[in-house]
Amino acid sequence: MAIEYVENIEKTVGSFWHGMSITLSHLFRRPCTVQYPDTPEPLRDCLPPRYRGFLEVDIDICTGCLACEKACPITCIKIAVEKDPNNPKLRHMTQFDIDEAKCMFCGLCVEPCPTGAIQHTREFEASVVDLRNLTFRWVDPANPSPLYKVPKGAQAYLRKPLASLVRQKIKAWDAPGPSWLPPPQEGAAAPAAVKKAAGVDAASLDLAKRAVGADRHKLQVILQEAQAGTDCGECTYPTCRDYTEAIAAGKEARTNLCSPGGAEAAAATALILEAWKKGAVPAQPSPAPAAPVVAAAAPKA
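As the structure is a prediction and not an experimental result, all values here were calculated from the model.

Asks: Before we go on, may I ask you to explain the nonpolar core in this structure?
Replies: It is characteristic of soluble globular proteins that their nonpolar side chains tend to be buried jointly. In terms of nonpolar packing, the biggest core is built from 29 residues, with Ile 77, Met 93, Phe 96, Ile 98, Ile 118 and Trp 138 touching the most fellow members. Contributing elements (two or more residues each) for this core: β1 (55-57), β2 (77-84) and β3 (87-99). If one sorts the elements of this core by residue count, β3 sits on top with 3 residues. Excluding residues within four positions of it along the chain, Met 93 makes contact with Ile 59, Cys 62, Gly 64, Ile 79, Ala 80, Val 81, Val 139, Pro 144, Ser 145 and Leu 147. Leu 207, Leu 219, Tyr 243 and Leu 273 belong to the second largest nonpolar core, which has 16 residues in total.

Quick look at the structure:
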């Protein structure tokens with residue numbers, strides 16, 4: 001027993017000395033921490049290749065399939081594809097906007113892209129005074145972009161060097177905001193582009209216009225955009241998608257179950273359904289029922 005006791009003491013002292021010797025050795029070394037941004041090379045070059053930074057779109061190989069827009073869970077990608085007025089058989093892209101300030105960098109939009117046109121870059125440094133400067137416009141509406149036609153049997157697509165395009169979009173921190181976006185909201189005054197009309201905001205009216213003539217699948221997508229998108233379960237459905245699928249299928253008549261969305265979501269949902277059923281956006285939308293209020297239980301004494 002005495003020998004075992006002494007051996008345990010020796011092991012303790014040995015391990016203690018080994019750890020302290022490593023600690024003491026660092027007292028005579030140069031510090032390894034480099035303060036940002038005083039790095040020997042740009043920090044983006046130090047990040048791993050699969051880092052998810054700002055999204056970049058090579059519009060020259062974009063097919064306009066809308067897969068990225070549909071995959072985005074928070075609708076920060078907006079794409080518009082229209083027919084060529086001179087040749088109805090041809091289509092071109094008139095809008096491809098990405099709100100990088102809203103993006104949560106989940107990568108879900110990158111995965112379904114058939115040509116790799118949309119990719120995450122290692123760019124992330126873009127502090128700006130005007131948040132609108134983080135909405136990157138990849139297509140000029142005045143100069144629509146033709147849709148890329150995938151060659152038969154193609155398995156690889158020639159893409160511009162990654163991050164070479166998005167660096168051109170990043171503006172100086174104090175640059176004025178783009179003229180094609182509404183001015184930012186200041187205090188209680190709402191921008192002119194989102195002023196309420198007929199008791200419903202412009203965003204809800206836009207959703208209602210899209211619902212006119214839509215099939216049930218498209219109706220479900222539009223209804224989901226009107227919800228809060230938190231998947232909280234307060235509506236008794238597991239997700240917002242399940243809730244809106246039930247409404248679109250005619251299995252759920254209650255349009256005011258989204259507690260996080262409140263009265264705005266309820267009004268938008270009712271307006272969308274009314275426009276879809278009538279085939280036109282009503283001039284005076286019917287008032288929507290108020291969203292249910294979840295009362296908190298009183299604490300026990």
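Asks: I keep staring at unusual backbone geometry and nothing clicks. Help me out?
Replies: Most peptide bonds adopt trans geometry, and most residues besides glycine take a negative phi value. Even without a glycine there, the phi angle at Leu 66 is positive, about 70°. For Leu 66, the position within the fold is in the loop between β1 and α2 (67-71). Phi is positive for Thr 236, which is not a glycine, with a value near 75°. Within the element layout of this structure, Thr 236 appears in the loop between α5 (216-226) and α6 (240-248).

Asks: How should the pattern of salt bridges be read in this particular structure?
Replies: Here the idea is simple: oppositely charged side chains can pair when their charged atoms come close. A full pass over the atoms with the stated rule returns 11 salt bridges. Note that Arg 241 and Glu 245 form a salt bridge whose closest N and O atoms lie 3.1 Å from each other. On the criterion of helical spacing, the pair formed by Arg 241 and Glu 245 is a turn pair, its members being 4 residues apart in helix α6. Of the residues examined, Arg 241 reaches a relative accessible area of 45% and is grouped as partly exposed. Judged by its relative accessible area of 33%, Glu 245 falls in the partly exposed class. Members of the salt-bridge network, linked through shared partners, are Arg 44, Glu 123 and Arg 167.

About the thresholds
Residues numbered from 1 in each chain as written. Predicted model: local features only at pLDDT ≥ 70, side-chain atom pairs only at ≥ 80, totals over all residues. Heavy atoms only, no water. Core = buried A, V, L, I, M, F, W, Y, C linked by side-chain atoms within 4.5 Å. Buried < 20%, exposed > 50% of the residue type's maximum accessible area, 1.4 Å probe, protein only. Helix = DSSP H or I, 4+ residues; strand = E, 2+ residues; numbered from the N terminus. Contact = heavy atoms within 4.5 Å. Salt bridge = Lys/Arg side-chain N within 4 Å of Asp/Glu carboxyl O.

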